[in-house]
Amino acid sequence: MRITANVIFAVVIVVCSTACEPDGSSGRVSWGRNDGTLAAYVPSEAHIVGLTEIEAVSSGPWQGKLTVYVDLLDTFGCRVKSPGLFRFELYEFVPRSSQPRGKRIFFPRDIDLTDAAENNKRWRDFLRAYEFKMPLDFEPQPDQSFVLEVTFTTPYGSRLRDTFQLRYQNR
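Residues numbered from 1 in each chain as written. Predicted model: local features only at pLDDT ≥ 70, side-chain atom pairs only at ≥ 80, totals over all residues. Heavy atoms only, no water.

Peer 1: Help me understand the overall build of the protein, please; the structure alone is not making it clear to me.
Peer 2: The number of helices and strands found in the protein is two helices and ten strands. In the protein, the succession of helices and strands from N to C terminus is α-β-β-β-β-β-β-α-β-β-β-β. Taking all 171 residues of the protein together, 31% fall into the buried category. On the protein, roughly 11500 Å² of surface is accessible, and the fraction owed to carbon and sulfur atoms is 52%. (Helix = DSSP H or I, 4+ residues; strand = E, 2+ residues; numbered from the N terminus. Buried < 20%, exposed > 50% of the residue type's maximum accessible area, 1.4 Å probe, protein only. Areas by Shrake-Rupley, 256 points an atom, 1.4 Å probe, with all protein chains shown as cover.)

Spelled out as structure tokens, the structure:
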């Protein structure tokens, strides 16, 4: 009887000492430099969303703004937030041309969203897109068309581009 109790006690101690000790590797993920796992989650495409518009903001002397919405998509096609640099360019639209971008007429400063607080100010979570409002320094004609181009520079130096034809509709 005493031997059985000693054996049970020894088994309980062995089980508790091995099973109760936390595994040193649990909860850790290996992020090796050559591992392509993280690369799948960085932006691989930029798209200008159709909500983008030019609008008048005053009824007196013309003052307008360009509101641009931009999606950044990862390799799975999911919309993501990312630090980076946005550049916008607005061109005259040249109809019936293989190169519809005419003269560049609007070129605001680059928008740096590498700061987390600034990045979050521009992010619209309900749209899963960035919103940019920029005052225009010219007055478009009613029904005038433009080509808007966005270039997003990722933290890794990749440049993602998209163009969008835009029409000013005087309301």
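The structure having been displayed, the exposition proceeds.
Peer 1: It is not clear to me how the packing of aromatic side chains should be interpreted in this structure. Could you clarify?
Peer 2: Where two aromatic rings form a pair, the distance of their centres and the angle of their planes describe that pair. For the structure on display, the rule yields nine aromatic pairs. Ring centres of Phe86 and Phe152 lie 4.7 Å apart, and the angle between their planes is 50°; on these two criteria the pair is classed as tilted. One end of the pair, Phe86, is in strand β4 (residues 85–93); the other, Phe152, is in strand β9 (residues 145–153), with 66 residues separating them in the sequence. Each residue in the set Phe86, Phe88, Trp123, Tyr130, Phe132 and Phe152 is aromatic and connected to the rest through ring pairs, giving one cluster. Directly above the aromatic system of Tyr91 lies the positively charged group of Arg101, at a separation of 4.9 Å from the ring centroid. (Phe/Tyr/Trp six-rings, centres within 6.5 Å; stacked < 30°, edge-to-face > 60°. Lys NZ or Arg CZ within 6 Å of the ring centre and 35° of its normal.)

Peer 1: Just checking my understanding: could you explain the environment of Val42 for this structure?
Peer 2: Note on placement: Val42 falls in the loop between α1 (2–19) and β1 (45–48). What makes Val42 partly exposed here is its relative accessible area of 23%.

Peer 1: In this structure, what is going on with the pattern of salt bridges? I would like to understand it.
Peer 2: Side chains bearing opposite charge may pair, as long as their charged atoms lie close to each other. A complete count under the given rule lists ten salt bridges for this structure. The shortest N-O distance in the salt bridge between Arg124 and Glu131 comes to 2.7 Å. A residue is classified by how much of its surface remains accessible, and Arg124, at 23% relative accessible area, is partly exposed. The exposure class assigned to Glu131 is buried, which follows from its relative accessible area of 11%. What emerges from the salt-bridge pattern is a single network uniting Glu118, Lys121 and Arg122. (Salt bridge = Lys/Arg side-chain N within 4 Å of Asp/Glu carboxyl O.)

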